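Below, each chain spelled out in residue letters.
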Amino acid sequence: MPIPKLDLSSERFLNPLQLIWADHERQFIIDRELRKLAHLGDIERIVELGELLFVFFTEDLLLHHQDEEIDLFRMLRFACRPKDRIGQVIEEIDRDHAAESYLMRIIVTDLKQALGGKKLQSPAFFFTNLHHFAKGQERHITWENEVVLPLASERLFPEDIEELGRNMAARRGIKCPISSAVISEKPTTLKKSLG
Ligand SMILES: [Fe+2]
Ligand SMILES: [Fe+2]
C-alpha cells in the first residue's frame with residue numbers, strides 16, 4: 001500500500017483534532033508497513049522508502065509528539081474533570097512517547113547506515129527494533145484515538161482548539177487562518193468526517 005502524505009494545507013489547522021486523527025491514520029499505515037518489512041527482513045524496500053522513513057522518524061513524529069505534549073495534554077490537564085483521570089492517561093502516554101523516542105534514535109542510526117549504502121552491523125537487531133516500535137506505536141495511537149481525542153472534543157473550549165491549531169501550524173511554519181467559527185468536534189463527527 002502506498003504511504004500517503006499528510007495534507008497540511010492551512011485550513012486543516014482549523015480542525016486540529018481531525019488533523020491529529022489523520023496523522024494517526026498515516027502512522028498506522030506506516031506501522032503496518034514497518035511490521036511487514038521487519039517480518040520479511042526487506043532491507044531493499046527500507047532503502048526504497050529511505051527519505052520518507054527518515055523524515056517520519058526525525059521530523060514528523062517529533063512534531064506530532066510536541067503537538068500532544070506541549071499543547072494538547074497541557075490543555076486537557078486544565079480542562080478535564082477529576083472523573084476523567086486525565087493525569088493517569090497522560091502519564092501512560094508519556095511513557096509510550098519516551099519508549100518510542102528511545103527506539104527512534106537507535107533506528108535512525110541504522111537507517112543512516114543503510115541509506116549510505118553500508119551494511120548494518122546487525123540486521124536482526126534493526127528489524128526487531130522496527131517491529132517493537134511499530135507494535136508500541138499502534139497500541140498508543142489506539143489509546144489516543146479511543147480515549148484522548150474524544151475527551152478533547154468533549155472538554156476543550158473553542159479557544160483551546162483555536163490555539164492548538166495555531167500552535168501546530170506555527171510549529172510547521174504554516175500560517176493558520178483564524179476563524180471565530182471554530183467549533184470543537186464531537187467524537188461521533190470526529191471519526192465520520194475523516195476520509
Ligand atoms: Fe502520542
Ligand atoms: Fe498521537
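1. Examining the overall build of the protein chain
Looking only at helices and strands, one finds seven helices and zero strands in the protein chain. Helices and strands in the protein chain line up, N terminus first, as α-α-α-α-α-α-α. The globule rule puts the C-alpha radius of gyration for 195 residues at 16 Å, and the 18 Å found for the protein chain is close to it. Its C-alpha atoms give the protein chain principal-axis dimensions of about 55 × 35 × 25 Å. When each of the 195 residues of the protein chain is scored for burial, the buried share is 30%. Nonlocal contacts in the protein chain, meaning residues at least 24 apart in sequence, comprise 82% of its contacts between residues at least 6 apart.

2. Looking at the packing of helix H3 (residues 50-79) against helix H5 (residues 123-155)
Packing of H3 against H5 brings their axes to within 10 Å, and their N-to-C directions diverge by 55°. It follows from the interaxial angle that H3 and H5 lie oblique. When the axes of H3 and H5 are compared, the crossing they make is left-handed. Across the interface between the two elements, Leu-72, Leu-76 and Ala-79 of H3 pack against Leu-151, Ala-152 and Arg-155 of H5. Split by residue class, the contact of H3 with H5 holds five nonpolar, no polar and one charged.

3. Regarding unusual backbone geometry
Note: most peptide bonds trans; most residues except glycine with negative phi. The backbone phi angle of Arg-85 is positive, close to 50°, even though this residue is not glycine. By the secondary structure assignment, Arg-85 is in the loop between H3 and helix H4 (86-115). Take Arg-85: there are 12 C-beta atoms within 10 Å of it, and that puts it in the exposed class.

4. Observations concerning the environment of Pro-4
By secondary structure assignment, the location of Pro-4 is in the segment before helix H1 (16-40). When the 11 C-beta atoms within 10 Å are taken as the criterion, Pro-4 is described as exposed. Put simply, Pro-4 and Leu-61 are 57 residues apart on the chain and 15 Å apart in space, counted from C-alpha to C-alpha. Those residues in contact with Pro-4 that lie beyond four places of it in its chain are Arg-26 and Ile-29.

5. Concerning the packing of H3 against helix H6 (residues 158-171)
Packing of H3 against H6 brings their axes to within 10 Å, and their N-to-C directions diverge by 160°. Considered as vectors, H3 and H6 are oriented roughly antiparallel to each other. For the element pair H3 and H6, the recorded crossing hand is right-handed. Contact with H3, carried on its side by Leu-63, Gln-66, Asp-67, Asp-71, Leu-72, Met-75 and Ala-79, involves Asp-160, Leu-164, Asn-167, Met-168 and Arg-171 of H6 and no other residues of that element. Here the contact of H3 with H6 is built from residues that sort into six nonpolar, two polar and four charged.

6. Focus: H4
Look at H4: 41 Å from first C-alpha to last across 30 residues, which is about the 44 Å you get at 1.5 Å a residue. If you check which residues of H4 are buried, you get Ile-86, Ile-90, Met-104, Asp-110 and Leu-111. A positive phi of about 80° marks Gly-117, the residue just after H4.

7. Considering the nonpolar core
Formed by 20 residues in total, the largest nonpolar core has its most connected members in Phe-13, Leu-149 and Ala-152. Mapped by element, the contributors of at least two residues to this core are H1, H3, H4, H5 and H6. Grouped together as the second largest cluster of nonpolar side chains are 16 residues, Leu-34, Leu-37, Phe-57 and Phe-133 included.

8. What about the environment of Leu-37?
Take Leu-37: it is sitting in helix H1. Looking at Leu-37, the number of C-beta atoms within 10 Å reads 21, which means it is buried. For the pair Leu-37 and Leu-130, spaced 93 residues apart in sequence, the C-alpha separation works out to 8.6 Å. Residues in contact with Leu-37, not counting those within four places in the same chain, are Asp-42, Arg-45, Ile-46 and Leu-130.

9. Brief notes about the confidence of the model for the protein chain
Confidence in the prediction for the protein chain averages 90 pLDDT; 90% of positions are at 70 or higher. The model gives residues 180-184 a pLDDT under 50, and that stretch makes nine contacts with residues more than four places away or in other chains.

Cut-off values and rules
Residues numbered from 1 in each chain as written. Chains lettered and ligands numbered in written order. Predicted model: local features only at pLDDT ≥ 70, side-chain atom pairs only at ≥ 80, totals over all residues. Helix = DSSP H or I, 4+ residues; strand = E, 2+ residues; numbered from the N terminus. Rg over C-alpha atoms; globule rule 2.2 N^0.38 Å. Buried ≥ 20, exposed ≤ 12 C-beta atoms within 10 Å, placed from the backbone. Contact = placed C-beta atoms within 7 Å. Axes fitted to C-alpha atoms, helices over the stretch in contact; angles between N-to-C directions. Parallel < 35°, antiparallel > 145°, perpendicular 65-115°, else oblique. Left-handed = near helix turned anticlockwise from the far one by under 90°. Nonpolar A, V, L, I, M, F, W, Y, C, P; charged D, E, K, R; others polar. Expected span 1.5 Å × (residues − 1). Core = buried A, V, L, I, M, F, W, Y, C linked by C-beta atoms within 7 Å. pLDDT = per-residue confidence, 0-100.

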